[in-house]
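One-letter residues, chain by chain:
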Amino acid sequence: MKKVFLFALSLCLTLSFSGLNAANSHSLKVPAKQAAAKPFAYETDGVLTGSPYGDIAWHIFYIGNAPQTVTYTNNGTTYGPYTFSGNQAPGPKNQLGIIYAQVANGNASFITIW
């Protein structure tokens, strides 16, 4: 009976420990560091000077890297928002002489009639 008990005990121990892994027996893949992402939505603004209407403030709203809308303010009056199609958005041509706004490589430029 003693031999059967020892055999059963060793069999149980072998089976119970067979599911365990030795320490550091498998490799863990550590994710590579990722560059910090730009905020999902952000805004830029500036001022157009030299227009016959005085200084014109502009404000562009982005989602990711894509410009979404541009708004213009002149002498307390706001024009827009004008929606971008690709990298261009129309402007208040009749009111302020801005034909369109364009964003290339994160830089805004404006095509005007003046």
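These figures come from a predicted structure and were not determined experimentally.

(A) How the structure looks around the sheet that holds strand 1 (residues 41–48). Read across the sheet, four strands follow the order 1-2-3-4 without closing on themselves; strand pairing throughout is antiparallel. Every interior strand has two partners, whereas the edge strands, strand 1 and strand 4 (77–83), have only one. Averaged over neighbouring strand pairs, the angle between their axes works out to 20° when direction is ignored. Here strand 3 (residues 66–74) pairs with strand 4 via five bridges, running antiparallel. The residue of strand 4 that forms the bridge with N74 is T77.

(B) Expanded view of the environment of A101. Counting through the fold element by element, A101 comes out in strand 6 (residues 98–104). Discounting chain neighbours no more than four positions away, the residues touching A101 are V70, Y72, F84, N87, Q88, A89, S109 and F110.

(C) Looking closely at the packing of aromatic side chains. One pass over the full model with this rule turns up four aromatic pairs. Here Y42 and Y62 contribute two aromatic rings whose centre-to-centre distance is 4.8 Å and whose plane-to-plane angle is 5°, an arrangement assigned as stacked. In this pair, Y42 is assigned in strand 1 and Y62 in strand 2 (residues 56–63), connecting sequence segments 20 residues apart. Look at Y42 and you get partly exposed, because its relative accessible area is 21%. With a centroid separation of 6.1 Å and 70° between ring planes, the pair formed by Y72 and F110 is classed as edge-to-face. One end of the pair, Y72, is in strand 3; the other, F110, is in strand 7 (residues 107–112), and 38 residues separate them in sequence.

(D) Highlighting the side chain of N74. Locating N74 in the fold gives a position in strand 3. Apart from the residues lying within four places of it in its own chain, the contact partners of N74 are Y53, G54, D55, I56, Y79 and L96.

Conventions and cut-offs
- Residues numbered from 1 in each chain as written.
- Predicted model: local features only at pLDDT ≥ 70, side-chain atom pairs only at ≥ 80, totals over all residues.
- Heavy atoms only, no water.
- Pairing = 2+ DSSP bridges.
- Helix = DSSP H or I, 4+ residues; strand = E, 2+ residues; numbered from the N terminus.
- Axes fitted to C-alpha atoms, helices over the stretch in contact; angles between N-to-C directions.
- Contact = heavy atoms within 4.5 Å.
- Phe/Tyr/Trp six-rings, centres within 6.5 Å; stacked < 30°, edge-to-face > 60°.
- Buried < 20%, exposed > 50% of the residue type's maximum accessible area, 1.4 Å probe, protein only.

Everything listed here is a matter of coordinates, which is why it stays silent on function.
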